[in-house]
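Chain by chain, the residues:
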Protein chains: 2
Amino acid sequence: MTEPDIFYILGNKVRRDLLSHLTCTECYFSFLSSKVSVSSTAVAKHLKIMEREGILRSYEREGPFIGPARKYYDIAIAKTYVTTVTPNLFWYRGLELGEPMLEKARIDLTRIPSENEGLLGMVGSFLELTSELDKILQLLQAVESRRDRLMKEIKERYLEEIGDMTQLAILHYVLLVGEATVDELSDRLNLKEREVLVKAQELDRFVPLIIKDGVIKIDEERLKQRIGGENDAGED
Amino acid sequence: MTEPDIFYILGNKVRRDLLSHLTCTECYFSFLSSKVSVSSTAVAKHLKIMEREGILRSYEREGPFIGPARKYYDIAIAKTYVTTVTPNLFWYRGLELGEPMLEKARIDLTRIPSENEGLLGMVGSFLELTSELDKILQLLQAVESRRDRLMKEIKERYLEEIGDMTQLAILHYVLLVGEATVDELSDRLNLKEREVLVKAQELDRFVPLIIKDGVIKIDEERLKQRIGGENDAGED
């Protein structure tokens, strides 16, 4: 898929919502359809468009109960897209995630003069800034490749050890956005706010959270203490 | 404008082409219309959509000749958008350009363990990677803010000193994409390939280029020598 197609796909809220649900877990059609506020015909159309553009992949699998095989979907690309739009610049690029390419670099824009006497000096500075931009994009590729792999491991581990999909959905969302309101999560998970709070309290037993004034986030203080504790225990 | 609207705007090739022309110079309607391959009704519709979404601004100004005032357009935003789509992550963010925020940083992902024993260690590493991501996005904001300002200065200076719009369009494009084929430039500027080459040779007198096998790029070697020369002359 070329870069511009992704903008077409992302230019629609229902498609963005579908992608967002798909990053958390394997989804089958009726599950996805229950998560968004449009008709199942519309959902089918959007899924078809995304499959045609190569963003989604579908496969059939037996459900847990007797009955016909269900059609499942997952995201078929792993990319970070960057685009700049200003009165003077317009460009876009897609970075393929996978193996991190540049994990360590020192970026220093201050050494590139911000005032230039002549046209040639300006052009020279522009080229230097562009070469720093290339390094920054490689770092971005690396950090997103690492976060992608790690999120996959977190999802697998959570399902293996604890097995609760709703708790995992809360953890996934909180890790992605930094902090989430109970309201947002209630919308997203199709649960009452009280149910979100109960699930968050269950999650808190495995991953320490701060749940306060309707906002949920990771409790980094307690997380560090517990990681320290785990390591100490491991050394005994 | 919220982030997702930009994806809708960018999801259409004619709109991308219009934006691309607008970053090089002030454009009036019939000029823009001559640059893209759709009807002027379609161009008017796309310009209207982009104006409504706050991406473009229009204003009337007298043309150089006697006659009615012309409607000019320019880009009204200065942002870099980043989005990641993988089976595990989906997020997008718009970075407002302007004053650079973080111009200097050391990024080192290798110090974050890539193998974690327990779930908590994984969550801890994910948070650390996310905080590196935040730094990388700030560096991206800084480099694009600097490049935007510098490109503005280059455009102004070129028009002031040399005054040739077509040469400037070649310089602008080559700076943006690194290297351009004569073919691309011929398409983009609506000129015959031979005319592109003539204009590139004129540009070369002011900004040294390598023009070879139908590809045009900045000659960094000669650029450095000439900047050195300029500075030496300045010191005398």
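Residues numbered from 1 in each chain as written. Chains lettered and ligands numbered in written order. Predicted model: local features only at pLDDT ≥ 70, side-chain atom pairs only at ≥ 80, totals over all residues. Heavy atoms only, no water.

**Q** What is the right way to read the packing of aromatic side chains from this model?
**A** The way to describe two aromatic rings as a pair is by their centre distance and the angle between their planes. Applying the stated rule across the entire model yields 13 aromatic pairs over all chains. Geometrically, the ring pair formed by Phe 7 of chain A and Phe 7 of chain B is stacked, given 6.2 Å between the ring centres and 10° between the ring planes. Of the two residues, Phe 7 of chain A sits in helix α1 (residues 3-10) while Phe 7 of chain B sits in helix α1 (residues 3-10), which places them in two different chains. Look at Tyr 158 of chain A and Phe 206 of chain A: their rings are 6.3 Å apart centre to centre, the planes differ by 90°, and that puts the pair in the edge-to-face class. Within this pair, whereas Tyr 158 of chain A is found in helix α5 (residues 119-161), its partner Phe 206 of chain A is found in the loop between α8 (193-204) and β8 (209-212), the two being separated by 48 residues in sequence. Among the aromatic residues, ring-to-ring pairing joins Phe 7, Phe 90 and Tyr 92 of chain A together with Phe 7, Phe 90 and Tyr 92 of chain B into one connected group. Its end group placed over the ring of Tyr 72 of chain A, Arg 61 of chain A keeps NZ or CZ at 4.5 Å from the ring centre. (Phe/Tyr/Trp six-rings, centres within 6.5 Å; stacked < 30°, edge-to-face > 60°. Helix = DSSP H or I, 4+ residues; strand = E, 2+ residues; numbered from the N terminus. Lys NZ or Arg CZ within 6 Å of the ring centre and 35° of its normal.)

**Q** When you look at the interface of chain A and chain B in this model, what are you seeing that I'm missing?
**A** Often, the extent of an interface is quoted as the loss of accessible area on bringing the components together. Listed per partner, the contact involves 90 residues of chain A and 90 residues of chain B. Taking both partners together, chain A and chain B bury about 8,400 Å²; carbon and sulfur atoms supply 68% of that area. When residues of chain A are sorted by the area they lose upon contact with chain B, Asn 88, Phe 90 and Leu 120 of chain A head the list and together hold 9% of the total. Counting across the interface, chain A meets chain B through 2 salt bridges. With a closest N to O distance of 4.0 Å, Arg 149 of chain B and Glu 115 of chain A form a salt bridge. (Contact = heavy atoms within 4.5 Å. Buried area = accessible area lost by both parts, 1.4 Å probe. Salt bridge = Lys/Arg side-chain N within 4 Å of Asp/Glu carboxyl O.)

**Q** Help me understand the relation of the copies chain A and chain B, please; the structure alone is not making it clear to me.
**A** One chain copy maps onto the other through a rotation about an axis and a shift parallel to that axis. Between chain A and chain B, which share one sequence, the superposing operator has a rotation angle of 180° and an axial displacement of 0.0 Å; the RMSD is 0.0 Å. The relationship between the two copies is best expressed as a two-fold rotation axis. In this assembly the copies share their binding face: 100% of the residues contributing to the interface of chain A also contribute to that of chain B. (Least-squares fit on C-alpha atoms with pLDDT ≥ 70 in both.)

**Q** Whenever I open this one, the confidence of the model for chain A confuses me. Can you help?
**A** Close reading of the predicted structure is inappropriate where its pLDDT is low. Chain-level pLDDT for chain A is 93 on average; 96% of the residues reach the 70-or-more range. For this predicted complex, the interface confidence comes out at an ipTM of 0.94, alongside a pTM of 0.94. (pLDDT = per-residue confidence, 0-100.)

**Q** It is not clear to me how the nonpolar core should be interpreted in this structure. Could you clarify?
**A** Within soluble globular proteins, side chains that are nonpolar generally end up buried alongside one another. Counting 96 residues, the largest nonpolar core has Leu 140 and Ile 218 of chain A together with Leu 140 and Ile 218 of chain B as its most contacted members. With residues near it in sequence (within four places) discarded, Ile 218 of chain B still touches Val 123 and Leu 127 of chain A together with Leu 171, Val 174, Leu 175, Val 207, Pro 208, Leu 209, Ile 210 and Leu 223 of chain B. Val 36 and Tyr 73 of chain A together with Ile 6 and Leu 10 of chain B belong to the second-largest nonpolar core, a separate cluster that totals 46 residues. (Core = buried A, V, L, I, M, F, W, Y, C linked by side-chain atoms within 4.5 Å. Buried < 20%, exposed > 50% of the residue type's maximum accessible area, 1.4 Å probe, protein only.)

**Q** I tried to follow the pattern of salt bridges on my own but got confused; where do I start?
**A** Pairing is possible between side chains that carry opposite charge, provided their charged atoms lie close to one another. A full pass over the atoms with the stated rule returns 39 salt bridges over all chains. Between Arg 149 of chain A and Glu 153 of chain A there is a salt bridge; the shortest N-O distance is 3.6 Å. Taken as a pair, Arg 149 of chain A and Glu 153 of chain A lie in helix α5 at a separation of 4 residues, close to a single helical turn. Across the salt bridge formed by Glu 161 of chain B and Arg 157 of chain B, the nearest N and O atoms sit 3.5 Å from each other. In this pair, Glu 161 of chain B and Arg 157 of chain B both sit in helix α5 (residues 119-161), 4 residues apart, roughly one turn of the helix. Accessibility expressed as a relative area gives 47% for Glu 161 of chain B, which makes it partly exposed. The network of salt bridges with common partners includes Arg 111, Glu 128, Glu 132 and Lys 135 of chain A.

**Q** What am I meant to see in α8 of chain A here?
**A** Residue and element names in this part refer to chain A. Counted at 1.5 Å a residue, the expected span for α8 with its 12 residues is 16 Å, and the 16 Å between its end C-alpha atoms agrees. Every buried residue belonging to α8 is among Val 196, Lys 199, Ala 200, Leu 203 and Asp 204, and all of these are buried. Buried residues in α8, looked at end-on, bunch into an arc of 145°, giving them a common side. (Expected span 1.5 Å × (residues − 1). Arc of directions from axis to C-beta.)

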